[in-house]
Amino acid sequence: MRIVIAEDDSLLREGVALLLRAEGLDVVATADTADGALDAINAHKPDVAILDVRMPPTHTDEGIRAAVEARQRQPGIAVLVLSAYVEQSFATELLTGGVGGVGYLLKERVGRVEEFLDALRRVASGGTAIDPEVVAQLFTRSRQDVRLERLSPREKDVLALMAEGLGNSVIATKLFVTDGAVHKHIRSIFAKLDLSPADQVDRRVAAVLHYLEDARRPSY
């Protein structure tokens with residue numbers, strides 16, 4: 001796994017690089033600005049870009065804009081965005097392309113090494129890894145898509161945990177149900193969201209992106 005890291009906090013940037021290299025991962029470049037990140041991505045063609053949301057010069061959304069542009073320049077690159085706190089609009093901005101390989105984590109997760117590495121691997125393999133705090137806030141917003149209203153309360157619970165990037169067995173443990181029950185709920189979610197097995201997409205990723213994309217729409 002080839003990785004580029006962009007973070008203006010030098011201690012965090014070098015700490016993450018050291019952690020990943022200790023795990024045998026190939027950190028091919030680091031940068032402290034969004035422009036530097038894009039230059040590194042162009043030069044090294046990494047598998048994953050880890051980007052801070054707020055970087056110089058304005059410390060607003062440079063990291064998100066760089067992530068979106070990186071995916072336009074290099075289709076298939078996975079992006080894991082880090083933020084100091086939940087920023088809902090930024091969390092869903094990456095979903096415009098409608099594909100997986102997207103992660104949005106709070107920086108505090110980096111200190112939970114196993115959680116961070118698990119999220120990184122899920123994103124690199126084309127899945128999603130959305131911070132539980134982000135999911136919790138998104139799921140409290142009103143829904144605009146009637147297909148999501150078809151889901152039962154338990155199915156919404158399952159979909160929210162899928163958005164975090166959790167596998168079936170972990171979802172089963174968290175909800176105190178069997179793996180078979182989770183599998184049944186997911187099949188029902190696919191059906192209610194009109195996700196056909198004949199579609200040329202990963203239905204699990206599509207369901208999560210559908211859910212998160214809906215959270216972007218304003219409620220009135």
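Scroll up a little and you will see the structure.
It should be emphasised that the depicted structure is a prediction, and the values quoted were computed from it without experimental measurement. (Residues numbered from 1 in each chain as written. Predicted model: local features only at pLDDT ≥ 70, side-chain atom pairs only at ≥ 80, totals over all residues. Heavy atoms only, no water.)

> Would you explain the pairing of strand 4 (residues 78-83) in this entry?
Within strand 4, 6 of the 6 residues are buried, leaving the element largely enclosed by the surrounding structure. Covered by surrounding structure in strand 4 are Ala78, Leu80 and Leu82 together with Val79, Val81 and Ser83, the residues of both alternating faces. Of the pairings in the sheet, the one linking strand 3 (residues 48-52) to strand 4 comprises 5 bridges and is parallel in character. If you follow Leu51 over to strand 4, its bridge partner there is Val81. In terms of handedness, the path from strand 3 via helix 3 (residues 62-73) over to strand 4 forms a crossover that is right-handed. Bridge count between strand 4 and strand 5 (residues 102-106): 5 bridges; the pairing is parallel. When the bridges of strand 5 are listed, Val81 appears paired with Tyr104. (Buried < 20%, exposed > 50% of the residue type's maximum accessible area, 1.4 Å probe, protein only. Helix = DSSP H or I, 4+ residues; strand = E, 2+ residues; numbered from the N terminus. Pairing = 2+ DSSP bridges. Right-handed = clockwise from strand over helix to strand, strands pointing away.)

> Mind showing me how you'd approach the packing of helix 2 (residues 34-44) against helix 3 here?
Axis separation between helix 2 and helix 3 bottoms out at 9 Å; the angle between their running directions is 20°. Relative to helix 3, the element helix 2 lies roughly parallel. Crossing hand, helix 2 versus helix 3: right-handed. Touching Ala34, Leu38, Ile41 and Asn42 of helix 2 are Glu62, Ala66, Glu69, Ala70 and Arg73, all from helix 3. In terms of residue class, the contact of helix 2 with helix 3 is built from 5 nonpolar, 1 polar and 3 charged. (Axes fitted to C-alpha atoms, helices over the stretch in contact; angles between N-to-C directions. Parallel < 35°, antiparallel > 145°, perpendicular 65-115°, else oblique. Left-handed = near helix turned anticlockwise from the far one by under 90°. Contact = heavy atoms within 4.5 Å. Nonpolar A, V, L, I, M, F, W, Y, C, P; charged D, E, K, R; others polar.)

> Whenever I open this one, the nonpolar core confuses me. Can you help?
In a soluble, globular protein the nonpolar side chains are often hidden away together inside. Counting 24 residues, the largest nonpolar core has Val4, Ala6, Ile41, Ala49, Leu51, Val81 and Tyr104 as its most contacted members. Of all the secondary structure elements, the ones that give two or more residues to this core are strand 1 (2-6), strand 2 (26-31), helix 2, strand 3, helix 3 and strand 4. Among the elements that take part in this core, helix 2 stands out by supplying 5 residues, more than any other. Counting 21 residues, the second-largest nonpolar core is a separate cluster that includes Ile5, Leu19, Ala78 and Ala119. (Core = buried A, V, L, I, M, F, W, Y, C linked by side-chain atoms within 4.5 Å.)

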